[in-house]
Amino acid sequence: TEDGALFFQYCLRSIGVLRDGERALQSQQRYPQGIIRIVVPHALSQNLLGPLLAEFLAQYPDVRLLTVVSDEGAAMLKSGFDIAVEVGPLADSGLTAAKLGSAECGLFCAHELAERMGMPQHHVELPRFDLLALGGMDRRHRWQLHRGDDEATVDFAARLTTNDLSLLRQATLAGLGIASLPGFLCKADLAEGRLLEVLPGWQTSLLDFYALFADPKSVPVRVRTLIDFLVDRLRRRLSWEPH
């Protein structure tokens, strides 16, 4: 009918728009492009992730980043963010976690503290020193130390406890006590003499880093590309070796 022929022309136009949309979507699935909304914690934004995100943008010019610095990354995923970078151990949030890497940690103190209190020569001496802890509000804290096949446990009451790595590093630099810190955060301080390694050769537990996201079945290629990029680059950055 004449009415049917008119309606058919509009259907053809609609099908053309749908095909254009399908081609655009397929293009996005092949090449990283569009906006990635990422939340990064304060402790990692400047020292670790800032330079890497700049490198990622240079490598993928069709991607734009919307970056927010916050320690509430898991909660912000519910507000439309694509990725939240967090430091483990992780709470049970129902989100999917991709492990980005692990950082070796050791014990460090400032020269001023070593001059004032001396340096421990054995791990059993550690509780007699002012110790600083990363964690929650627990009164007691524990370091698991290892050196090759040797292991030791140190239980202590912290002079200062914080959940912020940057604050913990600043407190250590100020001479408030001995802290367990990731090596990548301290390697410049070690090279320039601001910090000393306590009990060289002994390390504390690894610090794990994760990328959290909501639905693994619908991760856009731009988001997956960023996760893969961070995994590749962080393996080198998380070392405390100077190179």
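Given the structure is predicted, the values throughout are model-derived calculations rather than measurements.

**Student:** I'd like a rundown of the packing of aromatic side chains, residues and numbers included.
**Tutor:** Any aromatic ring pair is given by two values, namely how distant the centres are and how the planes are angled relative to each other. Scanning the model with the defined rule gives four aromatic pairs in all. Ring centres of W143 and F156 lie 4.5 Å apart, and the angle between their planes is 50°; this geometry places the pair in the tilted category. One end of the pair, W143, is in strand β6 (residues 140-147); the other, F156, is in strand β7 (residues 150-157), and 13 residues separate them in sequence. Put simply, the rings of F56, Y60 and F229 touch in pairs and so form one group of aromatic residues. Lying across the ring of Y10, R13 places its NZ or CZ 4.7 Å from the centre.

**Student:** Quick rundown of the pairing of strand β9 (residues 178-182)? Include the residues and the values.
**Tutor:** Of all the five residues making up β9, five are buried; the element is thus mostly covered by neighbouring parts of the structure. Neither face of β9 is left uncovered, since the one carrying I178, S180 and P182 and the one carrying A179 and L181 both have all their residues buried. Examined bridge by bridge, strand β4 (residues 96-110) and β9 share four bridges and lie antiparallel to one another. Residue pairing in the sheet places G106 in a bridge with L181 of β9. Across two bridges, strand β5 (residues 131-134) lies against β9 in parallel orientation. Each bridged residue has a counterpart across the sheet, and for L131 the counterpart in β9 is I178.

The rules behind the values
Residues numbered from 1 in each chain as written. Predicted model: local features only at pLDDT ≥ 70, side-chain atom pairs only at ≥ 80, totals over all residues. Heavy atoms only, no water. Phe/Tyr/Trp six-rings, centres within 6.5 Å; stacked < 30°, edge-to-face > 60°. Helix = DSSP H or I, 4+ residues; strand = E, 2+ residues; numbered from the N terminus. Lys NZ or Arg CZ within 6 Å of the ring centre and 35° of its normal. Buried < 20%, exposed > 50% of the residue type's maximum accessible area, 1.4 Å probe, protein only. Pairing = 2+ DSSP bridges.

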